[in-house]
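Fold and geometry: a report
Here is what each chain is made of, one letter per residue.
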Amino acid sequence: INKKSFIELREKDQIDILSNLNEKKFRLSQINNWVFKNHVSNWREMKNFPLSLIEKLEKTNSLYPLKIIANSKADDSMTQKFIMQTMKGNKIESVLMPTKKRNTICISSQSGCALDCKFCATASLGFLQNLNEAEIISQIIYLQKISNKRISNVVFMGMGEPFLNYKNVIKAAKLLNDPNGINMGSKRITISTAGVISKIEEFTKSKEKFKLAISLNGTTNEQRTSIMPINIKNSLDELLNVSRKYTETLNRWLTFEYVLLKEINDSVEDAKRLLSMLAGMKKCKLNIIPYNETDGEFRRPDKDQIENFVIALRPAKFPITVRWSKGTDIDAGCGQLATRNQV
Ligand code: SAH
């Protein structure tokens, strides 16, 4: 059996495999249809294929590059977390979060992460591998098959730093958006970065239509560097500059995420600095995420402190939301993905 799964091969190689099995090109469009429109989980489910062909295909390539190895449901019984394994044996996580209006999936772009943000559980794994386009897309195909509702939104907020795997992430987002692929509107696809400045510039230059989110998490260089080492080479001022350029050049909305950490970045002074930092942004939103506790030393601020922080932000001219993560009881909340609770 081939090392690569069928869907990660280039079209030319897919056609070669089929012609070696004496199959015509139309088989490929049938396969793509089964995969992207019907979300089958394996070759056997391609019901209009002769069994003899299915057996040959099974011997040649696996269909997908990932395997689901564990699945847990949150107490709200809506949020579900999946641990999947790549063909190299590394683990990633994806989270399905259905609500009345939406059915959002949070996907990984890497196994592990190199950024070492002090508050994030994924950091403890270190960097394991970049996911290719097929590995990214497979997370969505798998969960669409399991979910009884159409997946409406995709956020690149699982494991990894999407902008350190830029090419594959953009390829995957384009395939998601492709009418012949999954056909999801570009505004429903959000890519979140810890602030890789050169890639934010590239994203702006190539006028990508996907939504952009930036994890700000601090209001001074010193404070941000102490929790996000990426800030050493990608400083706050430069980050705000490229952010401004993004929303002005493309006239698009930009979301800033701000994880609220007790006694680190949760003071009223922080809130005031945030207001002035973001005042010049053409179109921005601020998303406050009260910290989801993991094994580390960081804590979520008390309710009162969160409230004070939000009250201090009231003069803002931009919209502010507070995100209470879903599925924290199964470690499926933001920053809790470390493939820990396996079965
Ligand atoms: N690396 C990208 C994608 C990960 S998104 C990025 O940093 O944007 C994950 C989001 O959750 C980021 O905004 C991150 O700052 C935040 N986060 C990380 N750990 C968290 C935790 N324990 N509780 C709440 N939010 C967390």
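Description of the structure in this document. (Residues numbered from 1 in each chain as written. Predicted model: local features only at pLDDT ≥ 70, side-chain atom pairs only at ≥ 80, totals over all residues. Heavy atoms only, no water.)

1. Considering the overall build of the protein chain
We apply this condition: The secondary structure listing takes helices from DSSP runs of H or I that are at least 4 residues long and strands from runs of E that are at least 2 residues long, numbered from the N terminus. For the radius of gyration, the atom set is restricted to C-alpha positions; the globular benchmark scales as 2.2 Å times the number of residues to the power 0.38. Working rule for contacts: check all heavy atoms of both residues, and any pair within 4.5 Å makes them a contact. Charge counting treats Lys and Arg as positive and Asp and Glu as negative, with His and both chain ends excluded. Charge coordinates come from a single atom per side chain, which is NZ of Lys, CZ of Arg, CG of Asp or CD of Glu.
Within the protein chain one finds 10 helices and 12 strands. Computed over C-alpha atoms, the radius of gyration of the protein chain comes to 21 Å, within 12% of the 20 Å expected from 2.2 N^0.38 for 343 residues, which places it in the range of a compact globule. Projected onto the principal axes, the alpha-carbon positions of the protein chain cover approximately 70 × 45 × 35 Å. Counted over contacts in the protein chain with a minimum sequence separation of 6, partners at least 24 positions apart contribute 65%. Within the protein chain, the 36 negative side-chain charges are centred at a point lying 8 Å from the centre of the 53 positive side-chain charges.

2. As for the sheet that holds strand E9 (residues 211-215)
Our working definition: We call two strands paired when DSSP finds no fewer than two bridges between them. In this analysis, axes come from line fits to C-alpha atoms, helices being fitted only over the stretch in contact, and the angle between any two N-to-C directions falls in the range 0 to 180 degrees.
Pairing is mixed across the open sheet formed by 10 strands, whose spatial order is E1-E2-E3-E4-E7-E8-E9-E10-E11-E12. Of all the strands in the sheet, the pair left with one neighbour each is strand E1 (66-73) and strand E12 (320-322). Strand after strand, the sheet turns through a mean of 20° between neighbouring axes, direction not considered. By the bridge criterion, 4 bridges tie E9 to strand E10 (residues 254-260) in an arrangement that is parallel. Following the sheet pairing, Ile214 is matched in E10 by Phe256. Sitting on the sheet, helix H8 (residues 236-250) touches E9 and E10, and the angle it makes with E10 is about 145°.

3. Some words on the packing of aromatic side chains
Here is the rule we go by: Think of it this way: a Phe, Tyr or Trp ring, Trp meaning its six-membered ring, pairs with another when their centres are within 6.5 Å, and the plane angle makes it stacked under 30 degrees, edge-to-face over 60, tilted otherwise. Remark: exposure states derive from per-residue accessible area (1.4 Å probe, protein chains only) relative to the maximum for the residue type, with buried under 20%, exposed over 50%, and partly exposed in between.
Taken as a whole and assessed by the stated rule, the structure comprises 7 aromatic pairs. Aromatic side chains Phe163 and Phe203 sit 5.6 Å apart centroid to centroid with 45° between the ring planes, which places their arrangement in the tilted category. Of this pair, Phe163 sits in the loop between strand E7 (153-156) and helix H5 (166-177) while Phe203 sits in helix H6 (residues 197-205), placing them 40 residues apart in sequence. On the accessibility criterion, Phe163 (1% relative accessible area) is buried. Of the residues examined, Phe203 reaches a relative accessible area of 0% and is grouped as buried. What links up through ring pairs into an aromatic cluster is the set Phe163, Tyr166, Phe203 and Tyr246.

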